[in-house]
Amino acid sequence: MLILRYPSPHSLSVEDPEVSWAWYEQEQLQLGKMPIVLSQLSEQLPASIRSFLMHHVVVILPGEITSFHLVDVTQIQKKHLYKALPYILEEKLASDVELLHFSMGELTEEKLTPVVVIERNKLLYCLTQLKHYGFYAVSMTPEYLLLPLEQAEAQILLDANKLLMHLPSRTAITADAAQLPILLDTLKMSAAMQSAPEYANNVDLTA
């Protein structure tokens, strides 16, 4: 398996993007020496498994070009689920749902369905670009979903100038690293509200 990571939204808008890369060989993860342009990557792969790797690519997408949602679909018949998703999320999305691609994950313990949304033209551009250089994706995922999710802990990763977050509430985002102080304050406030006495949520504002 070959793993390719697009580092930024800009990398999905250029003809020959620079990507980070790694691959599995004999169940060991091997890291590419440095980011490399896609057109030169095949030459760097082990010749003995090059063809296999190029046809088994896992793509890690910049979180900025996706959005993550948890959807209650318990009242929707499974056969109608995919068609219903765009309209369930329509009010939360800035783009026309007809221009978007929706991908569902496995049902959570809370009976919610995780959904990742991406503009269809960006997804198709990425797949076409990979195919142009001889690579074929078997899986694609936004970078923030690579962070492990611990039941009671927020997972935060500072990566160069970007911030990846995966929270116990199952919120997942990529943001500018400069927003870290604001996001930490928000987390502290949320934690304080959850640990406050029960009556704190029943204040009568008319009193």
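That block above? That's the structure.
Residues numbered from 1 in each chain as written. Predicted model: local features only at pLDDT ≥ 70, side-chain atom pairs only at ≥ 80, totals over all residues. Heavy atoms only, no water.

A few words on a nonpolar patch on the surface. Taken together, the side chains of Met1, Tyr24, Leu29 and Leu31 present a nonpolar region at the surface, about 380 Å² in accessible area. Relative to the helices and strands, Met1 is located in the segment before β1 (2-5). Overall, the relative accessible area of 33% leaves Met1 in the partly exposed class. (Patch = residues over 30% accessible without salt bridge, like charges linked within 9 Å, V, L, I, M, F, W, Y side chains within 5 Å. Areas by Shrake-Rupley, 256 points an atom, 1.4 Å probe, with all protein chains shown as cover. Salt bridge = Lys/Arg side-chain N within 4 Å of Asp/Glu carboxyl O. Helix = DSSP H or I, 4+ residues; strand = E, 2+ residues; numbered from the N terminus. Buried < 20%, exposed > 50% of the residue type's maximum accessible area, 1.4 Å probe, protein only.)

With that out of the way, let us pick up the packing of aromatic side chains. Scanning the entire structure with this criterion turns up two aromatic pairs. Look at Trp21 and Trp23: their rings are 5.5 Å apart centre to centre, the planes differ by 15°, and that puts the pair in the stacked class. Taking the relative accessible area as the measure of exposure, Trp23 reaches 11% and is therefore buried. (Phe/Tyr/Trp six-rings, centres within 6.5 Å; stacked < 30°, edge-to-face > 60°.)

Here we come to the nonpolar core. Counting residues in hydrophobic clusters, the biggest one holds 23 residues, and the most contacted among them are Leu2, Leu4, Leu38, Leu41 and Phe135. Once residues within four sequence positions are removed from consideration, Leu4 is found in contact with Val19, Ser20, Trp21, Leu38, Leu41, Val57, Val58, Val59, Ile60 and Leu130. Of all hydrophobic cores here, the second largest spans 11 residues; its members include Leu85, Leu89, Val97 and Val115. (Core = buried A, V, L, I, M, F, W, Y, C linked by side-chain atoms within 4.5 Å. Contact = heavy atoms within 4.5 Å.)

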